[in-house]
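Each chain is listed here by its residues.
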Amino acid sequence: MSKLEKITFRPEGEETVEFYVLEQTRIGGHNYILVTDVEEGDGDALILKDMSQDGEEESIYDVVSDDEELEAVSGVFADMLEDVDLI
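Analysis parameters
- Residues numbered from 1 in each chain as written.
- Predicted model: local features only at pLDDT ≥ 70, side-chain atom pairs only at ≥ 80, totals over all residues.
- Heavy atoms only, no water.
- Salt bridge = Lys/Arg side-chain N within 4 Å of Asp/Glu carboxyl O.
- Helix = DSSP H or I, 4+ residues; strand = E, 2+ residues; numbered from the N terminus.
- Buried < 20%, exposed > 50% of the residue type's maximum accessible area, 1.4 Å probe, protein only.
- Pairing = 2+ DSSP bridges.

A few words now on the pattern of salt bridges. For the coordinates displayed, the defined rule picks out three salt bridges. Taking the shortest distance from any N to any O, the salt bridge between Lys 6 and Glu 18 comes out at 3.3 Å. Placement of Lys 6 in strand 1 (residues 5-9) and of Glu 18 in strand 2 (residues 17-27) is noted, with a sequence separation of 12 residues between them. Judged by relative accessible area, Glu 18 falls into the partly exposed class, the value being 44%. With a closest N to O distance of 3.8 Å, Glu 58 and Arg 10 form a salt bridge. Taken as a pair, Glu 58 in the loop between strand 4 (45-50) and strand 5 (61-63) and Arg 10 in the loop between strand 1 and strand 2 lie far apart in primary sequence, 48 residues in all. Taking the relative accessible area as the measure of exposure, Glu 58 reaches 54% and is therefore exposed.

Okay, structure coming up:
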């Protein structure tokens, strides 16, 4: 398995959190990333949506929580990662 890219998030008022990027895609003008908390094996995964404006130096990500959006984007990621089960 190739080394996954690790990214660090700095939520306001909280400690930093690190995730491994499994995949990324662009849908409807928005960038989405699928991240996990472990590099190998079973872990928790989140789909994050880039909420920053074009040209901003740092990205601002929110967890996708809308059920319809989550279902649509997770379907795209499931197709991209045939060997990964998203539940």
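On to the pairing of strand 3 (residues 30-36), then. Within strand 3, five of the seven residues are buried, leaving the element largely enclosed by the surrounding structure. When strand 2 meets strand 3, the two strands line up antiparallel, connected through seven bridges. Directly across from Gln 24, in strand 3, lies its bridge partner Ile 33. In sequence, strand 2 turns back onto strand 3 through a hairpin of two residues, with Gly 28 there showing a positive phi of about 55°. Two elements, strand 3 and strand 4, share five bridges in a ladder whose sense is antiparallel. Within the sheet, the bridge partner assigned to Ile 33 lies in strand 4 and is Leu 48.

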